[in-house]
Amino acid sequence: MSDESRPAGLSSLITHHSSLITPLDTIVAPATPLGRSALAIVRIDGPRSAEILHSLSGTAPEPRIATFTQLHTLDECVAVRYAAPQSFTGNDLVELTLHGSPLLVERVVRAAVDLGARLAEPGEFTERAVLNGKIDLVQAESIADLINSRTALQAKLSLGNLQGALSRKAAAIRQSLLFVISRLEAALDFSEEGYEFIARDEARERIAEAIAETHALAETYRRGHATTSGLTAVILGRPNAGKSTLLNRLVGSDRAIVTPIPGTTRDIVRETIDIGGLPVTVADTAGLRQSGDIVESIGVDRARDAARNAEIVLYLVDASFGLTADDELSAFPAALVVYTKTDLAPAPAGAIGISVTAEQGIDDLLSRLDVLVRENFTAPEGSLVNERQRMAVAECESALGAALASLDEGHEEQVVLVDLYRASTALGLLTGAITREDVFEEIFSKFCIGK
Ligand SMILES: Nc1nc2c(ncn2[C@@H]2O[C@H](COP(=O)(O)OP(=O)(O)OP(=O)(O)O)[C@@H](O)[C@H]2O)c(=O)[nH]1
Ligand SMILES: [Mg+2]
């Protein structure tokens, strides 16, 4: 293995990752879904990629020059060669754009394997980019989120984090901790001379500031997670309130069965729509009532469970009957109450009323939902989006709290330093500046092959 092909960048910090123990091998995978399409891309990454391209085509294109060439595997292609470290992965990388036939793609991949490449694991190209310091772990996660995004707002948040919005916040906090750490360390080293490198008050102030920033970051998780994962809105109400009719109207098709018979819906019927820029899974449920019918009563239990776990509950009430003693609104105090069938009877003054039959109040309901989602769930730039990120920031916050307490109690530098290192390590784990193999496996196993 040549020295150039060894992952550089953060490699000195990486202790456990297996690809550093064994020499870097060359990997190959289709980067586009296997199916018939206009074009398909095959990627080859690693020290032997250019050599494999040469064996496949007889050509050795200049780096970054798209070169049309004949392949001996039964196709022609446009080959682009990237020379390390100027590639997505930071390694020598080749991308072949073929005609979009699964057969042709398979032949190229197999030929590359015959020439010494190995089939890539899911996310392995991105993992290599992280190991080479081209992107950090948060950015790598954002690539997966960007690929999976279903609304423009989700894409915007993911792109912001891919471009470093969250990483920069974490790095800034870590930087200011390292400032305090280095000065407390210096004070330890020169303690006999009686030097003071940072006043306790200044250390205290900087740690308190870092706590405030870490706390603000932790607070972004609820919205960040809601934005990337989407929301659930459950339609609840007594039998015949018009729940299934509303679901069908919202999704624009006859998704759920509607009849005049109370107790029509049993299983939960779910459909995802875009509300306020986020994917919202709307769930139609069984009408709430005591029922001797075992199937129906299971459905009613499921309805209550779903509503308890939902971000949004729409509680439907037939305007002709109004709220009754059998309604369960008190169990869902945050629910949005919607009076239905206003073509037959008016909704109480000030209440939200709709009639699907007469197409009344639907636009108003939709715009209220839109505002509800935008005000409560859409994430600001640089938000935390997943549990891994949330835990790292929570660990940092708690370590900083401990460091501050030690300072206030007048403990020695060593004691304060232990917690400051813990906080800084947590931020390092967040961005991948410090890596752990199990974390890597967990993240990259969820990627597509070829990414
Ligand atoms: N006039 C009128 N009838 C409606 C309206 N919405 C629903 N209905 C009627 O009310 C009856 C019950 O509607 P569904 O949508 O099945 O009610 P549901 O709440 O899903 O009922 P369950 O599944 O039994 O809990 C049907 O006959 C619908 O056509 C409306 O806006 N106006
Ligand atoms: Mg129904």
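Refer to the structure presented above.
Residues numbered from 1 in each chain as written. Chains lettered and ligands numbered in written order. Predicted model: local features only at pLDDT ≥ 70, side-chain atom pairs only at ≥ 80, totals over all residues. Heavy atoms only, no water.

**A few points about the pairing of strand β10 (residues 312–318)**
Buried residues dominate β10, accounting for seven of its seven residues. Residues of β10 alternate between two faces, with I312, L314, L316 and D318 on one and V313, Y315 and V317 on the opposite face, all of them buried. Strand direction decides the pairing type here: strand β7 (residues 231–237) and β10, joined by five bridges, are parallel. For A233, the partnering residue across the bridge sits in β10 and is I312. The sheet contact formed by β10 and strand β11 (residues 336–340) spans five bridges and is parallel. Within the sheet, the bridge partner assigned to V317 lies in β11 and is Y339. (Buried < 20%, exposed > 50% of the residue type's maximum accessible area, 1.4 Å probe, protein only. Helix = DSSP H or I, 4+ residues; strand = E, 2+ residues; numbered from the N terminus. Pairing = 2+ DSSP bridges.)

**Quick word on the site of ligand 1**
Surveying the vicinity of ligand 1 reveals 22 residues, the closest of which are K243, S244, T245, G263 and T357. At 2.8 Å from an oxygen atom of ligand 1 is found a side-chain nitrogen or oxygen belonging to S244. Here K341 contributes a side-chain N or O atom positioned 3.0 Å from an oxygen atom of ligand 1. Contact with the protein chains hides 87% of the accessible area of ligand 1, taken as 650 Å² for the molecule alone. Here the residues of the shell around ligand 1 are counted per class, giving eight nonpolar, eleven polar and three charged. (Near = heavy atom within 4 Å. Polar contact = N/O pair within 3.5 Å; in protein donor to acceptor, adjacent residues only side chain to side chain. Areas by Shrake-Rupley, 256 points an atom, 1.4 Å probe, with all protein chains shown as cover. Nonpolar A, V, L, I, M, F, W, Y, C, P; charged D, E, K, R; others polar.)

**A few points about the pattern of salt bridges**
Inspection of the entire model under this criterion finds 25 salt bridges. Close ionic contact of E124 with R118 constitutes a salt bridge, the shortest N to O distance being 2.6 Å. Looking at R118, the relative accessible area reads 28%, which means it is partly exposed. One salt bridge connects E202 with R206, and the closest N-O pair in it is separated by 3.0 Å. Of this pair, E202 and R206 are both found in helix α8 (residues 200–219), four residues apart, which corresponds to roughly one turn of the helix. Taking the relative accessible area as the measure of exposure, R206 reaches 28% and is therefore partly exposed. Each of D25, D45, R118, E124 and R128 takes part in one network of salt bridges that share partners. (Salt bridge = Lys/Arg side-chain N within 4 Å of Asp/Glu carboxyl O.)

**Things to note about the sheet that holds strand β2 (residues 37–45)**
Read across the sheet, six strands follow the order β3-β4-β5-β2-β1-β6 without closing on themselves; strand pairing throughout is mixed. Two strands in the sheet have a free side with no partner beyond their single neighbour: β3 (67–71) and β6 (118–119). In this sheet, β2 lies alongside strand β1 (residues 27–30) in antiparallel orientation, the contact comprising four bridges. Following the sheet pairing, A29 is matched in β2 by R43.

**Description of the coordination of the magnesium ion (ligand 2)**
Every protein donor of the magnesium ion (ligand 2) is accounted for by S244 (OG) and T265 (OG1), and the metal-donor separations fall at 2.0 Å. One end of the pair, S244, is in helix α10 (residues 243–251); the other, T265, is in the loop between α10 and β8 (269–275), with 21 residues separating them in the sequence. Considered together, S244 and T265 belong to a single accessibility category, that of buried residues. (Donors = N, O, S within 2.8 Å, 3.2 Å for Na, K, Ca; no water.)

**Let's talk about the nonpolar core**
One finds I207, L400 and L420 to be the most contacted residues of the largest nonpolar core, which totals 31 residues. Here this core takes eight residues from helix α13 (residues 387–408), the largest share from any one element. If sequence neighbours within four positions are ignored, L420 has contacts with L177, V180, I181, L184, I207, L400 and A403. L231, V282, L316 and I354 belong to the second largest nonpolar core, which has 26 residues in total. (Core = buried A, V, L, I, M, F, W, Y, C linked by side-chain atoms within 4.5 Å. Contact = heavy atoms within 4.5 Å.)

**Considering the sheet that holds strand β9 (residues 278–284)**
The strand order β8-β9-β7-β10-β11-β12 describes an open sheet built from six strands, whose pairing is mixed. The two strands at the open ends of the sheet, each matched to only one other strand, are β8 and β12 (352–353).

**Quick word on the layout of surface pockets**
By volume, the largest pocket amounts to about 560 Å³. Along its surface, the largest pocket is lined by 23 residues, and E141, N386, R388, E442 and I443 are the ones closest to its centre. Elements with a contribution of two residues or more to the lining of the largest pocket: α5 (137–148), α9 (221–229), α13, α14 (413–431) and α15 (437–444). Sorting elements by how many residues they give to the lining of the largest pocket places α13 first, with five residues. A per-class count over the lining of the largest pocket returns ten nonpolar, five polar and eight charged. (1 Å grid on protein atoms, 1.4 Å probe; cavity = no way out; pocket = protein on both sides within 12 Å on 5 of 7 lines; lining within 4 Å. Points joined across faces, edges and corners; volume = space filled by probe spheres on them.)

**Considerations on the packing of α5 against α15**
Helices that pack against each other are described as a pair by the angle of their axes relative to one another and the distance between those axes. Running from N to C, α5 and α15 cross one another at 20°; their axes reach a closest spacing of 11 Å. It follows from the interaxial angle that α5 and α15 lie roughly parallel. Note on packing geometry: the crossing formed by α5 with α15 is left-handed. Each of L137, A140 and E141 in α5 lies in contact with α15, whose residues at this interface are V439, F440, I443 and F444. A per-class count over the contact of α5 with α15 returns six nonpolar, no polar and one charged. (Axes fitted to C-alpha atoms, helices over the stretch in contact; angles between N-to-C directions. Parallel < 35°, antiparallel > 145°, perpendicular 65-115°, else oblique. Left-handed = near helix turned anticlockwise from the far one by under 90°.)

**Description of the environment of L177**
Here L177 lies in helix α7 (residues 165–189). Note on L177: relative accessible area 1%, which makes it buried. For the pair L177 and V393, spaced 216 residues apart in sequence, the C-alpha to C-alpha distance is 14 Å. Ignoring sequence-local partners within four residues, the contact set of L177 consists of A210, L400, L420, A423, S424 and L427.

**What about the packing of α7 against α14?**
The contact between α7 and α14 brings their axes to 9 Å, and the two run at 155°. Judged by the angle between their axes, α7 and α14 are roughly antiparallel. Note that α7 runs across α14; the crossing there is left-handed. Here α7 contributes S167, A170, I173, R174, L177, L178, V180, I181, L184, E185, A187 and L188 to the contact with α14, which in turn contributes E413, Q414, V416, L417, L420, Y421, A423, S424, L427, G428, L430 and T431. Class assignment for the residues of the contact of α7 with α14 results in 16 nonpolar, five polar and three charged.

None of this, on its own, says anything about what the molecule does.
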